[in-house]
Amino acid sequence: MFVCICNSVTDTEIRDAVMEGARDLDAISEQLDVGTCCGKCKSCAKRVIREARAEMAYNAISSAIHMPGPAAEPATA
Ligand code: FES
């Protein structure tokens, strides 16, 4: 969906930018021009950023939990 109509920026583009390292609205605005015209999209953009960051944190925790343990030592005779 479009988040920023003025600059034709979608939620997917914002999520991708967050995944690539943008962490807040200022960084997203600098990269994608979100909120740089009328500004009415800023609250929605912040929500998308928050959701993307939460998803990243969840995925990081989930990956840590499901990491395999140390490899078993090969049996010696
Ligand atoms: S809708 Fe984003 S600046 Fe206007």
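Summary of the structure given here.

The rules behind each value
Residues numbered from 1 in each chain as written. Predicted model: local features only at pLDDT ≥ 70, side-chain atom pairs only at ≥ 80, totals over all residues. Helix = DSSP H or I, 4+ residues; strand = E, 2+ residues; numbered from the N terminus. Buried ≥ 20, exposed ≤ 12 C-beta atoms within 10 Å, placed from the backbone. Contact = placed C-beta atoms within 7 Å. Core = buried A, V, L, I, M, F, W, Y, C linked by C-beta atoms within 7 Å. Arc of directions from axis to C-beta.

Before going further, it helps to examine the overall build of the protein chain. Helices and strands together make up the secondary structure of the protein chain, namely three helices and two strands. Mapped from its N terminus to its C terminus, the protein chain presents α and β elements in the order β-β-α-α-α. For the protein chain, buried positions account for 21% of its 77 residues. Counting only contacts in the protein chain whose residues sit at least 6 apart along the sequence, the fraction spanning at least 24 positions is 49%.

Before going further, it helps to spend a moment on the nonpolar core. Burial of nonpolar side chains together is a common tendency in soluble globular proteins. Counting residues in each nonpolar core, the largest one holds 14 residues, and the members touching the most others are V3, I14, I28, V34, A45 and I49. Contributions of two or more residues to this core are made by strand 1 (2-4), helix 1 (11-19), helix 2 (25-32) and helix 3 (42-65). Here the element with the most residues in this core is helix 3; it accounts for four residues. Non-local contacts of V3, meaning those with residues more than four positions away in its chain, are made with V9, T10, D11, I14, V34, C41, C44, A45 and V48.

Before going further, it helps to spend a moment on helix 1. Restricting attention to buried positions, one finds in helix 1 the residues I14, A17 and V18. Projected onto a plane normal to the axis of helix 1, the buried residues spread over an arc of 100° and lie on a single side. In this structure, the buried side of helix 1 is in contact with strand 1, strand 2 (9-10), helix 2 and helix 3. Positive backbone phi, approximately 125°, marks G21, located one or two places after helix 1.

Another point: unusual backbone geometry. Positive phi, close to 50°, is recorded for S8, a residue that is not glycine. For S8, the position within the fold is in the loop between strand 1 and strand 2. Of the residues examined, S8 has 11 C-beta atoms within 10 Å and is grouped as exposed. Phi is positive for D33, close to 70°, though the residue is something other than glycine. Within the secondary structure, D33 is located in the loop between helix 2 and helix 3.

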